[in-house]
Number of protein chains: 2
Amino acid sequence: MTIVYAAIACGVLAVLYGIVTSGQVLRAPAGNEKMQDIAAAIQEGAKAYLGRQYLTIAVVGVIVAVVLALTLGLIATVSFLVGAILSGVAGFVGMHISVRANVRTAEAARGSLQGGLTMAFRSGAITGMLVAGLGLLSIAGLFWYFVAVAGEEANSRVVIEMLTALAFGASLISIFARLGGGIFTKAADVGADLVGKVEAGIPEDDPRNPAVIADNVGDNVGDCAGMAADLFETYVVTIGLTMVSIALLMEALVGQVLIAMMALPLIIGGVCIITSIIGTYMVRLGKNQSIMGALYKGFWTTVILSIPAIYFATAWALGSANLGMNAEIGTIGGANPANPAVIQITGMKLFYCMMIGLAVTGLLVWITEYYTGTNYRPVKSIAKASVTGHGTNVIQGLAISLESTALPTLVIVVAVISTYQIAGIIGVAFAATALLALAGMVVALDAYGPVTDNAGGIAEMAGLEDEVRHRTDALDAVGNTTKAVTKGYAIGSAALAALVLFGAYTTDLDHYSVALGLTGPVDFSLSNPYVIVGLLLGALLPYLFGAFGMTAVGRAAGSVVEDVRNQFRDNPGIMAGTSRPNYGRTVDIVTKAAIKEMIIPSLLPVLSPIAVYFIIAEVGGKSQGFAALGAMLLGVIVSGLFVAISMTSGGGAWDNAKKYIEDGNYGGKGSEAHKAAVTGDTVGDPYKDTAGPAVNPMIKITNIVALLLLAALAGGGTV
Amino acid sequence: MTIVYAAIACGVLAVLYGIVTSGQVLRAPAGNEKMQDIAAAIQEGAKAYLGRQYLTIAVVGVIVAVVLALTLGLIATVSFLVGAILSGVAGFVGMHISVRANVRTAEAARGSLQGGLTMAFRSGAITGMLVAGLGLLSIAGLFWYFVAVAGEEANSRVVIEMLTALAFGASLISIFARLGGGIFTKAADVGADLVGKVEAGIPEDDPRNPAVIADNVGDNVGDCAGMAADLFETYVVTIGLTMVSIALLMEALVGQVLIAMMALPLIIGGVCIITSIIGTYMVRLGKNQSIMGALYKGFWTTVILSIPAIYFATAWALGSANLGMNAEIGTIGGANPANPAVIQITGMKLFYCMMIGLAVTGLLVWITEYYTGTNYRPVKSIAKASVTGHGTNVIQGLAISLESTALPTLVIVVAVISTYQIAGIIGVAFAATALLALAGMVVALDAYGPVTDNAGGIAEMAGLEDEVRHRTDALDAVGNTTKAVTKGYAIGSAALAALVLFGAYTTDLDHYSVALGLTGPVDFSLSNPYVIVGLLLGALLPYLFGAFGMTAVGRAAGSVVEDVRNQFRDNPGIMAGTSRPNYGRTVDIVTKAAIKEMIIPSLLPVLSPIAVYFIIAEVGGKSQGFAALGAMLLGVIVSGLFVAISMTSGGGAWDNAKKYIEDGNYGGKGSEAHKAAVTGDTVGDPYKDTAGPAVNPMIKITNIVALLLLAALAGGGTV
């Protein structure tokens, strides 16, 4: 248990980092009165939105908790609630800081670029560390309680069910937060642009635009709270499911060796929190004043320090069971006719797999930067295509979005093959764990974005000096790339986790075989038509979900446009600059629209697996129902990976193509090319911030619902 | 063999229909001198393009033929060439007529709307009947030769290999023709619009635009020649593979029963040619003068007549082996552990499956009309979104394109499950055969499109009366829907055929097991990571292919823009209307660009399966190489189905949203909404006419290359 205690200590350290750094951020000067006024409006709007969102989620959560209590019992229900509540806490606290750091970043940027950068990045790092820290604490804490206090076996059904239900809680919050936040942010953004820039001809972030506060609120609820919930979920699912797959696939493990192996993913998460914290202090501008360079300094420090950290953590954990790095921990395979070769697992092999996981992180970051950075062919090609008009801009953007799926897929394929060759499914799981262990740092990079975006808005609205505005603009520009990077990272991890999740599903099916009334093994072969049907239905989900998300943004943006038009008409003083628009009313309208629009699509991945199982079981028998359901889980990832990457990378590329033109290329701001690029950016908005990123939690939730369905069908939980 | 002779007779009838109707079309008056001048320029351009395209394809074809001769022997090579040449003939002859019918349609429209409709539809019907007739003749003819003349068993390896190689020939032409034609047509269209409508401010089809002839040529090489090659391929693959699966899966069949079963798909194709011909004579305007209604009258006549025709053809074919409709023909299943239940096949069961195939055709047509017709929510919602600008138009269009995949997927899923329940894989194959048997009628509807499009262009350029132009516009408007319908139909059939193709692949693997040096069955279970890898790599292909297609259009359109700008600059007389632009030079430029751009993407599906097999076999062993390759075949359909449907339906919806606005809604022509709708239409162009439709042949070619690779690896062909 020492290892678990150490992991818990690392989790506590992350939370402490959050508390200490929050103090530093909040003590910083918050600017002049006008700036504070604006910030207060954003804070109020964000609080109102989150309050209403959490209320809605709470209603759904209570219903789900009751269903869980009736079908799976108390342990599943409590674990579900822990996952749900901590996910909510990470998002809420992160956003609470974010909407206070924005104005402080603007103020700090009056002093220097480094000052603004430090303030914004620290604020992001708080969210990042809370995500990793609370995630780790929830898994390690529950594991400790059940194993050390309640005296359960580490690989018992109780522990497996606890981990699954915990992941479900996190996923359910995540899909709502991601989608609700995504709809809010883009409805406000698109709506504000349409009615402000296009109709009224006023610049972005002009205080006369009633939707401008809603736009700034949106940055926070989408990229800070939404992303935090998303990565909290991904973190818990990946590390939790790695533990589940150890329990399920290495059944022969007992005693100290079992505890050491189950605790290994926890301590890997723990040491990477430490390397992430060290990394955050390395974010400093160099001589060339490159902001992206400063952020990368922090990121690469974390990656490089994680190599020895993971090695020593592995050696220490295995040493606690008197195993050397090259000693056999156990074996997997053999029982499954599909994998007749028995693979021996050693510490070194797991270490190699985790290094592959780190390499995947690095490569995904690099590829995303290539596709969304202004220095490379993809973004330049979109900017160039803008010269010939709106249509060619969009065509080229769509081409890039399709193309951007190729390299990440190849990286994932190579990672799956190589880790599987080294250590079977467990190897794949550990690669995913190492990838996710860096979540603290990656979320920090992402949550930095909305703070700088807001800081720019506040600087503009408060009429700060041009120099300050230039600094906040520079800080904001790299935010597009870091946001795209995080999304690519999240979906990439989902692809690796998919194999592990499917492994858990099939092993569970075997386990529950008698209770489920199955007479033989379920046929998951591709020659079974029900498998094809499952793949097709699974592949459909991201498309349908994407359609819902895109339409929701369009509809919600329409209501923003109407409200702003009404305000302009009823109060001519707004445009004259003599009276203040009713910002709160617009925020309220977007809030209501986003909450309303998020419910149906969020329930799609929850209800589809259940519907597919029951319908196919009715038509083709139980066994085929499980075959189709299993295939659906893979169908959703096979199609979702491409939908998500194409949307997030494509959207980032469109956004930066606009920025590239605004930097003075192809005629610069106000040129025809710029107008075309604005169209591309508008199209990319719901792509990259609503529909695309929500695919990741959608994939997870489909998988976890399937696992819980199995347990429920098998006659309820263990308690 | 009587049944086969009857099928051959039906094929000959289709060709005769083509010859007779061609005579009727060509004898019709070809308009005044100016109209004939314009038509001559289009004819010349089309001929030049096709000549160069076929030359390029011939080079690739000869290389492939040499490779086939060296690896698989003479029979495969000859069958390949038959498929390739007849596919080329169907496309070439169809286009030859099409570019002559256009001017005659314009002339006939001077008389009456019915006159124009009849002329255009007859021209389309020639292409349609040639596709079905030559397709049927090639399969039936070769089958007759090998079985009746060369004395091979109907289910022998020689026959199976012949059918596969024939399909390969058709597919290879198809991918080049589809993609080359698709790039040509949209590069010319987008280029002409950009430089004409947008830059020079002259209307569409203005004779001063040097790209206007290239645009008209493009309609023909894309929607006539390209679509003909596509559906020729789909027809040959589906009917041929149904025969192959009978041979492979019902091995116990012998003698008269075997011949009757193998000939059944042929005679189904045959009788549906007759019902299609009857249908073409039913295309007449009713009292309400609805053009779509007139076309549907023809289509539904064919569908309804096909019900008894298929019943009696089945009864007759089985009767030739002294079997009643309810007698057991044979069984399938049992040997495969995945399908332990032995299914008894009877004539009635096959008839039910074919009725499901007809129902799928009807439903796909209806769904496509819903998503692309101007009377329904999807198109209206895009038109409405155009009011708020370019960006919202594109967002809503993308949302609709994602959404449009749902209903077709559900229809296909229900069809797969129900036909499989009735008669196993053979049932699915017969449903696909019935679906494709209507190809003659469906291609007629599609090939009608470019004729009316051209007729409108000629009417405009020749300065015909407004009334004539209104008539040709009305004829043209329904073309968007019929073109989308055909594409949805082609890709829907590919999804049904996928199961049959995969069945052929696994059965071939079993057959060649010893020759391939496999020690046990290949593991196609979803828990095998190589299967996941194969699914992901397969799913990537349509994305990469789509990216290539979209980029190619952008690049080629760019060269059109440059050429037209140069012509305007060097010769000011063009804009003044005093001198004639150099149409030929623009056609030549698009031709060269399209040919150059089509080669790399066309080779992607040919080379990918080979590369995947060899790389995975090297890493994970032969057996895993075959597992990954098999999974890739399904990955390409699981992802390709969605990519293709979303692109073709979305593109059609964008196009008609523009037309809806042009009909006077939301401000009509020239309004801001109209400008936004033009952007959506431009985006939709390469979606629906280049990238989307080329996915269908791409899926087929990947599958067929895999089948041929198996045969080649097993040590060459049978001769």
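This one's a predicted model, so the numbers in the text were calculated from it and none came from an experiment. (Residues numbered from 1 in each chain as written. Chains lettered and ligands numbered in written order. Predicted model: local features only at pLDDT ≥ 70, side-chain atom pairs only at ≥ 80, totals over all residues. Heavy atoms only, no water.)

A tally of regular secondary structure across chain A gives 19 helices and two strands. The globule rule puts the C-alpha radius of gyration for 719 residues at 27 Å, and the 25 Å found for chain A is close to it. Its C-alpha atoms put chain A at 75 × 55 × 45 Å along the principal axes. Across the 719 residues in chain A, those meeting the buried criterion constitute 71%. In chain A, the proportion of contacts linking residues at least 24 apart, taken out of those at least 6 apart, comes to 83%. (Helix = DSSP H or I, 4+ residues; strand = E, 2+ residues; numbered from the N terminus. Rg over C-alpha atoms; globule rule 2.2 N^0.38 Å. Buried < 20%, exposed > 50% of the residue type's maximum accessible area, 1.4 Å probe, protein only. Contact = heavy atoms within 4.5 Å.)

What follows deals with the UniProt feature "site: Determinant of potassium independence" (unreviewed entry) in chain A. Residues and elements named next belong to chain A. Per the UniProt record, the feature "site: Determinant of potassium independence" (unreviewed entry) sits at K483. Looking at where K483 falls in the secondary structure, it is placed in helix α14 (residues 466–512). Sequence-distant contacts of K483, defined by excluding residues within four places in its chain, comprise D223, D446 and D453. (UniProt positions renumbered as here; feature names shortened; annotations may be inferred.)

Turning next to the interface of chain B and chain A. Counting from both sides, the interface comprises 65 residues of chain B and, opposite them, 65 residues of chain A. The tally of links between chain B and chain A comes to zero salt bridges. Inspection of the region where chain B meets chain A yields seven residue pairs in polar contact (both at pLDDT 80 or more). For the side of chain B that touches chain A, the secondary structure elements donating two or more residues are α5 (157–200), α11 (390–403), α12 (406–437), α14 (466–512), α15 (529–570), α17 (583–620), α18 (622–662) and α19 (672–713) of chain B. Top element by residues in the side of chain B that touches chain A is α15 of chain B. It accounts for 17 residues. Per-class residue counts for the side of chain B that touches chain A are 45 nonpolar, 17 polar and three charged. (Salt bridge = Lys/Arg side-chain N within 4 Å of Asp/Glu carboxyl O. Polar contact = N/O pair within 3.5 Å; in protein donor to acceptor, adjacent residues only side chain to side chain. Nonpolar A, V, L, I, M, F, W, Y, C, P; charged D, E, K, R; others polar.)

All names here are of chain A. At a minimum axis distance of 9 Å, the contact between helix α1 (residues 2–27) and helix α3 (residues 74–111) shows a crossing angle of 40°. The orientation of α1 with respect to α3, classified from their angle, is oblique. α1 and α3 meet at a crossing whose hand is left-handed. Residues S22, V25 and L26 of α1 form the contact with α3, whose participating residues are I97, R100, A101 and R104. Considering only residue class, the contact of α1 with α3 consists of four nonpolar, one polar and two charged. (Axes fitted to C-alpha atoms, helices over the stretch in contact; angles between N-to-C directions. Parallel < 35°, antiparallel > 145°, perpendicular 65-115°, else oblique. Left-handed = near helix turned anticlockwise from the far one by under 90°.)

In this section: the nonpolar core. The biggest cluster of nonpolar side chains holds 603 residues, and the ones touching the most others in it are Y505 of chain A together with Y505 of chain B. Beyond its immediate stretch of four places on either side in the chain, Y505 of chain B contacts F524, F626, L629, G630, L633, A706, L707 and L710 of chain B. (Core = buried A, V, L, I, M, F, W, Y, C linked by side-chain atoms within 4.5 Å.)

Summed over all chains, the structure comprises 54 salt bridges over all chains. Between D689 of chain B and K487 of chain B there is a salt bridge, and its shortest N-O distance comes to 2.6 Å. Of this pair, D689 of chain B sits in helix α19 while K487 of chain B sits in helix α14, and the two are 202 residues apart along the sequence. You'll find D689 of chain B and K487 of chain B in the same group, each marked buried. Connected via shared salt-bridge partners are K186, D189, D223, K483, K487, D655, D685, K688 and D689 of chain A.

Attention now moves to the environment of P572 of chain A. For P572 of chain A, the position within the fold is in the loop between α15 (529–570) and α16 (573–576). Sequence spacing of P572 of chain A and K384 of chain A is 188 residues, and the spatial spacing of their C-alpha atoms is 40 Å.

Residue and element names in this part refer to chain B. It is the contact of helix α6 (residues 212–249) with α19, at a shortest axis distance of 11 Å, that shows an interaxial angle of 35°. Two packed elements cross with a definite hand, and for α6 against α19 that hand is left-handed. Of α19, the residues touching α6 (which contributes D223, D230, E233, T234, V237 and L241) are D689, P693, N696, P697, K700, I704 and L707. When the residues that make up the contact of α6 with α19 are grouped by side-chain class, the tally is six nonpolar, two polar and five charged.

Our focus in this paragraph is the environment of I704 of chain B. Residue and element names in this part refer to chain B. Here I704 is to be found in helix α19. A sequence separation of 169 residues divides I704 from L535, and the C-alpha atoms of the two residues are 17 Å apart. Excluding anything up to four places from it in sequence, I704 contacts T164, A167, F168, S171 and V237.

Quick look at the relation of the copies chain B and chain A now. Least-squares fitting of chain B to chain A yields an RMSD of 0.0 Å, with the transformation described by 0.0 Å of translation along the axis and a rotation of 180°. Here the copies are linked by what is in effect a two-fold axis. Relative to the rotation axis, the closest C-alpha in chain B is found at S525 of chain B, a distance of 2.1 Å. The share of interface residues of chain B whose copies in chain A are also at the interface is 100%, consistent with both copies meeting through the same surface. (Least-squares fit on C-alpha atoms with pLDDT ≥ 70 in both.)

Its 14 residues place the ends of α11 of chain B 20 Å apart at the C-alpha level, agreeing with the 20 Å of an ideal helix rising 1.5 Å per residue. Within α11 of chain B, 14 of the 14 residues are buried, which leaves it mostly tucked inside the rest of the structure. (Expected span 1.5 Å × (residues − 1).)

So, about the state of the cysteines. Tallied over the entire structure, the rule returns zero disulfides over all chains. The structure places no disulfide on C10 of chain A, whose sulfur is separated from the nearest cysteine sulfur, that of C272 of chain A, by 9.5 Å. (Disulfide = S-S within 2.5 Å.)

Residues and elements named next belong to chain A. An ideal rise of 1.5 Å per residue puts 54 Å on 37 residues; helix α4 (residues 113–149) measures up with 51 Å between its terminal C-alpha atoms. Counted residue by residue, α4 has 28 buried out of 37 residues, so it is predominantly covered. For α4, the side-chain oxygen to backbone nitrogen distance between the N-cap and G115 is 2.9 Å, and the N-cap itself is S112. Residue G151 follows α4 closely and has a positive phi angle near 75°.

Averaged over every residue, the pLDDT of chain A is 90; the share at 70 or more is 98%. Taken together, the chains of this predicted complex give a pTM of 0.93 and an interface ipTM of 0.93. (pLDDT = per-residue confidence, 0-100.)

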